[in-house]
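Geometric and topological summary
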Amino acid sequence: MLDQNEIKEGVKEYYGETLKTSSDLQTNACCDPYSMPNHIKTALSEISDEVVSKYYGCGLTIPTELNGLSVLDLGSGAGRDCFLLSKLVGENGKVTGVDMTDAQLEVANRNISYHTEKFGYKKPNVEFLKGDLEKLDELGLKDGSYDAVVSNCVINLIPNKESVLANTHRLLREGGELYFSDVYCNRRIPQELVNDKELYGECLSGAMYWNDFENLSKKVGFSDPRIVESKPITIENPRLQQMLAGFEFYSVVYRLFKISELEPHCEEYGQAIEYKGGMDEAPNAFMLDGHHVFQKGKIESVCGNSYNMIHKTRFKKYFNFYGDFSTHYGIYKDCGMNIPYSNIDSTAKNNSTNNDTNTDTAAGGCC
Ligand SMILES: C[S@@+](CC[C@H](N)C(=O)[O-])C[C@H]1O[C@@H](n2cnc3c(N)ncnc32)[C@H](O)[C@@H]1O
């Protein structure tokens, strides 16, 4: 079994030496094409060819409403997403990329002045730090200092996933979010596949079983992980497909808000919200996640968590809010969960059947 340092050295070698450009990847786990909104396509057209050619991400990790924000990119590689963010946060925003692979950092640092000039900024608003994401606490970054943390196809490569998620939670300010893309599996992956350097480097065998990931997120304080987008990874390499027979992989963009009031499940308080419009990138509708798209001018019922994900974040000023948390009506049925007990109809039916013979058990349900 490889130890954590051997796994990390393998990843450094893969991204520092084995891969020269995205076309050297053996599967489509990284770099599977995805749809891109126009404002991001426009920003992408300004990124240098060298940086674009060394992009190894697996999803779109650029949330809306970024102007002026401070953003941290975990595993920034050659810097494609950092330079996109540099453009979108504007001159008054700030972007920090962290990576451990010298060859990737060298390309990123060499391209800072090109992009600063291209965007017409007086001074760079982006920096790249060398560091191990398992030891984010050693980089001297301040608690609560980032509005958003992004990451693109990286956390699967990190052996100690709890450490990186817990430190991310610490570095985010209240109301901030981790918005990131990664690879997940339909079940836990056995150690012999984790030890395979190619499968690991291709962002496959380090992937978490999706339910372990959701539980870990909750454990470190991200109480209600939301899926923005998910799609199956087809691998498209017969040799590797055979090694991974029976395992299904998905590329998923998650959005994890740091909001202390979030509850582990969606609860109903009779609340509603209305998107007033006004976000440049969302003129007609705002997408909170894959299940929540708010049309401009339409009042929509929401659970307490969705209410807080808008009310306690940078999106608040674009919405009208109706209701409060004073009355609880039970679990919110449209968010994937129902009361786990037998329903009122069958209870009533049992009561009426049992009435003649045993009124005690019929009334209480205790036995
Ligand atoms: C699949 S590439 C993605 C790079 C970049 N996000 C992109 O989209 O092009 C994974 C990156 O994560 C970095 N990485 C992996 N494990 C790391 C760790 N423990 N600490 C810092 N960087 C790490 C690698 O060096 C590599 O640049």
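Coordinates for the structure precede this section.
Residues numbered from 1 in each chain as written. Predicted model: local features only at pLDDT ≥ 70, side-chain atom pairs only at ≥ 80, totals over all residues.

**A word on the overall build of the protein**
Within the protein, the secondary structure is distributed over 14 helices and 13 strands. Counting only C-alpha atoms, the protein reaches 85 × 50 × 35 Å along its principal axes. Every one of the 367 residues in the protein was classed for burial, and the buried ones make up 38%. Counting contacts in the protein only where the partners sit at least 6 residues apart, residues at least 24 apart contribute 76% of the total. (Helix = DSSP H or I, 4+ residues; strand = E, 2+ residues; numbered from the N terminus. Buried ≥ 20, exposed ≤ 12 C-beta atoms within 10 Å, placed from the backbone. Contact = placed C-beta atoms within 7 Å.)

**Some points on the nonpolar core**
Membership of the largest hydrophobic core comes to 83 residues, with the highest contact counts inside it found for Val 71, Leu 85, Val 149 and Val 183. Considering every element that reaches this core, the biggest residue donor is strand β5 (residues 172-185), with seven residues. Apart from residues lying up to four places away in sequence, Val 71 is in contact with Leu 85, Val 89, Val 95, Tyr 146, Asp 147, Ala 148 and Val 150. (Core = buried A, V, L, I, M, F, W, Y, C linked by C-beta atoms within 7 Å.)

**Some words on the pairing of strand β11 (residues 292-295)**
Note: strand β10 (residues 285-289) against β11, four bridges, orientation antiparallel. Each bridged residue has a counterpart across the sheet, and for Asp 289 the counterpart in β11 is His 292. Between β10 and β11, which pair antiparallel in sequence order, lie two residues. (Pairing = 2+ DSSP bridges.)

**Remarks on the packing of helix α7 (residues 161-171) against helix α10 (residues 210-220)**
For any two helices packed against each other, one specifies the crossing angle of their axes together with the interaxial distance. Where α7 contacts α10, the two axes come as close as 9 Å, and the packing angle between them is 45 degrees. Considering their axes alone, α7 and α10 lie oblique with respect to each other. Both α7 and α10 take part in a crossing whose hand is right-handed. Contacts between α7 and α10 involve Lys 161, Glu 162, Leu 165, Ala 166 and His 169 from the former and Leu 216, Ser 217 and Val 220 from the latter. Class assignment for the residues of the contact of α7 with α10 results in four nonpolar, two polar and two charged. (Axes fitted to C-alpha atoms, helices over the stretch in contact; angles between N-to-C directions. Parallel < 35°, antiparallel > 145°, perpendicular 65-115°, else oblique. Left-handed = near helix turned anticlockwise from the far one by under 90°. Nonpolar A, V, L, I, M, F, W, Y, C, P; charged D, E, K, R; others polar.)

That is the geometry; function is a separate question.
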